[in-house]
Amino acid sequence: MADSLPTEFDVIIIGTGLPESILAAACSRSGQRVLHLDSRSYYGGNWASFNFSGLLSWLKEYQQKSDVAEESTASWQGLIHETEEAITLRKTDETIQHTEVFCYASQDMDDKIEETDALQKNPSSLTSSTLTKPLDSACLSEETHSYVTSYEMPAKDIPKNDGEISLEVSGVEGTLAEEKYCGDETCRLTVSDEDTVENKPIEEDNNDQLKRNRITYSQIVKESRRFNIDLVSKLLYSQGLLIDLLIKSNVSRYAEFKNVTRILAFREGKVEQVPCSRADVFNSKELTMVEKRILMKFLTFCLDYEQHPDQYQAFMQCSFSEYLKTKKLTPNLQHFVLHSIAMTESSCTTIDGLKATKNFLQCLGRFGNTPFLFPLYGQGEIPQCFCRMCAVFGGIYCLRHKVQCLVVDKESGRCKAIIDHLGQRINAKYFIVEDSYLSEKTCSNIQYKQISRAVLITDQSILKTDSDQQISILIVPPADSGTCAVRVTELCSSTMTCMKDTYLVHLTCSSSKTAREDLDSVVKKLFTPYTEAAINEEELTKPRLLWALYFNMRDSSGVSRSSYNGLPPNVYVCSGPDCGLGNEHAVKQAETLFREIFPSEEFCPPPPNPEDIIFDGDDKQPEGSGTNNIIMAKLDSSEGSKNLESPGKHLEN
């Protein structure tokens, strides 16, 4: 029970974001006693995913603008000795600001729905609600918790995808959702083939096109559990650090993935598909034959550009966009390379642009026709996968568990313990704290960057094709100098993130103003707000916008340790999500901190072979039901574990 925790641990971790969860798994795997705490009622922090009702509950906490009651310090001050001092932690989460909600879908008045935890009965009245001061997500109520943590879809509700490709894992049955309801049973790491789709395309005549499916707000609320909405929008590079870590540590068995099926470009007011592979380039109708040859020659050079320094060293001080002009690339090709392959800003350096292009090309073909994977049920699954691994190796988890302060020894300057909201004093050797928990005093010298985010629900894809099950990424170039490009990720229902006949769209960029001010122009270019008025042919060319959420999120990824005031040497800080597309920063940060704390230990090693596990008092492994008591219960066979280490070699159609 949370009110009777052990008093001695090796590592205490506060916050369940991705870097903290990776660190928890790594520490537990290396034999450390780990206590993992979070004051929130859900895993993931700002990396979390919510169903629709859960997201409204998360927003409702901010809309109420209620101050969290200050706890009496008398209850824990008595636990601080004369030779000690306390570093208090923040009572509220101030990483989310400027939330704005817009509902464009009609409210079906004939369909009476009890909107538990919804913002208001008529959400369209929230279109002007903006929070201009930091928001509080630290203390969700018990009622809210029931929605926040219930986003897993029951196994019987999950559509079966016949187009999935499984990595070979022995003895595995059932899908991810089934695994969530059956303890430590293992699950598949699956990747969907981009050429197969879950739903067959439906041929529509002109009359059907004019009668687009009418989706009401009531339907969205009814189908709340079909949504899994990420607070941060990320994709996984197929040759990236996170995929490698998932496979190496065997955490991949807890998750499923789909391949991003296409990469899009926005040029001259139109959305186009970008050719990625050699076959795509030569099959593209957007490029002339001359352009195809020029593009293939340039991409071939980028794959081993380090071997030809004479071709780029003279341009090291130039921007990548200027360098592209010298390679005889047409404006069309320059746009594709800069915004859809390198996916960098125009001002990035030549060497950074070449590195990004090479990384893109190296990731092609491992799991599909694009370099990217997306986790089924959303990005919030990934931190939970690592938390599960930590728990398997003995880590203890407590949600809705606040930490009042860190206890520091005055003489040595090292942190000795924490005191929680129940007045328990818990000792440890090392402490890892997520940035949002540190007090204003500790962070007084830091100027945080911000991320502008928008979450949209739409009724069709931004680029319609024969298939309605496309996962797309699009970079919209900045319209004006001094502004940032906007990254658009569009998810279909087969990703288990939205209901049938809708799409979930994430927009992300670095903040210069509020999220709505930064992103509204791009939303207007790509979408048309839903109206009850008759739809003309011009409006039909754009998807209709049913619901939208805008908010700003703190980006603490660039903050150095020295920027924090009075931080004890054995207290380490993890940052929240960064603005980048991948998860490389989180993985690098977790590995760096782990090696700093435990320099002689291996970072997230592969799990042991069950045949090699020796029980205390026995010189051989027991058979039958006894295997259920070992710490790695229901692990894959030795052969299956080896197969996971070489995923590209074991894909089956």
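All values derive from a computational prediction rather than experimental measurement.

### Considering the packing of helix 1 (residues 18-29) against helix 14 (residues 381-392)
Right, so step 1: Axis separation between helix 1 and helix 14 bottoms out at 8 Å; the angle between their running directions is 20 degrees. When the axis of helix 1 is compared with that of helix 14, the two are roughly parallel. You can see that helix 1 and helix 14 cross each other, and the crossing is left-handed. When helix 1 is examined against helix 14, the residues L18, S21, I22, A24, A25, S28 and R29 are found in contact with a partner set consisting of I382, P383, F386, C387, M389 and C390.
Right, so step 2: Its residues assigned to classes, the contact of helix 1 with helix 14 shows 10 nonpolar, 2 polar and 1 charged.

### Concerning the confidence of the model for the protein
Right, so step 1: Confidence in the prediction for the protein averages 78 pLDDT; 73% of positions are at 70 or higher.
Right, so step 2: Under a pLDDT of 50 for its full length, residues 110-190 has, in the predicted model, 233 contacts with residues more than four places off or in other chains.

### Here we look at the environment of E440
Right, so step 1: One can find E440 in the loop between strand 18 (430-434) and strand 19 (449-458).
Right, so step 2: Note on E440: relative accessible area 60%, which makes it exposed.

### With respect to the nonpolar core
Right, so step 1: In this structure, F52, W58, F298, F320, F372 and W547 are the most contacted members of the largest nonpolar core, which totals 77 residues.
Right, so step 2: Beyond its immediate chain neighbours, meaning those up to four positions away, F298 contacts F320, Y323, L324, K327, L329 and V337.
Right, so step 3: One finds V11, I432, A590 and F594 within the second-largest nonpolar core, a separate group that totals 45 residues.

### Observations concerning the sheet that holds strand 4 (residues 84-88)
Right, so step 1: Reading across from one edge, 4-15-16-17 is the order of the 4 strands in this open sheet, with antiparallel pairing throughout. Both outer strands of the open sheet, strand 4 and strand 17 (425-427), are each paired with one neighbouring strand and no more. Strand-to-strand, the axes of this sheet are offset by a mean angle of 30 degrees, without reference to chain direction.
Right, so step 2: In this structure, strand 4 lies alongside strand 15 (residues 403-409), joined through 5 bridges in antiparallel fashion. Each residue of the ladder has a partner; that of E84, found in strand 15, is D409.

### Examining the packing of aromatic side chains
Aromatic ring pairs are described here by two measures, namely the spacing of the ring centres and the angle between the planes.
Right, so step 1: Summed over all chains, the structure comprises 18 aromatic pairs.
Right, so step 2: Considering the side-chain rings of F315 and Y323, the 5.3 Å spacing of their centres and the 65 degrees angle between planes classify their relative orientation as edge-to-face.
Right, so step 3: We classify F315 as partly exposed; its relative accessible area is 25%.
Right, so step 4: We classify Y323 as buried; its relative accessible area is 0%.
Right, so step 5: Clustering of aromatic rings is evident, with ring pairs tying together Y42, F50, W58 and F551.
Right, so step 6: Sitting above the plane of the Y448 ring, R554 keeps its charged end 4.1 Å from the centroid.
Right, so step 7: One cation-aromatic arrangement involves R561 over Y572; the distance from NZ or CZ to the ring centre is 5.4 Å.

How each quantity is defined
- Residues numbered from 1 in each chain as written.
- Predicted model: local features only at pLDDT ≥ 70, side-chain atom pairs only at ≥ 80, totals over all residues.
- Heavy atoms only, no water.
- Axes fitted to C-alpha atoms, helices over the stretch in contact; angles between N-to-C directions.
- Helix = DSSP H or I, 4+ residues; strand = E, 2+ residues; numbered from the N terminus.
- Parallel < 35°, antiparallel > 145°, perpendicular 65-115°, else oblique.
- Left-handed = near helix turned anticlockwise from the far one by under 90°.
- Contact = heavy atoms within 4.5 Å.
- Nonpolar A, V, L, I, M, F, W, Y, C, P; charged D, E, K, R; others polar.
- pLDDT = per-residue confidence, 0-100.
- Buried < 20%, exposed > 50% of the residue type's maximum accessible area, 1.4 Å probe, protein only.
- Core = buried A, V, L, I, M, F, W, Y, C linked by side-chain atoms within 4.5 Å.
- Pairing = 2+ DSSP bridges.
- Phe/Tyr/Trp six-rings, centres within 6.5 Å; stacked < 30°, edge-to-face > 60°.
- Lys NZ or Arg CZ within 6 Å of the ring centre and 35° of its normal.

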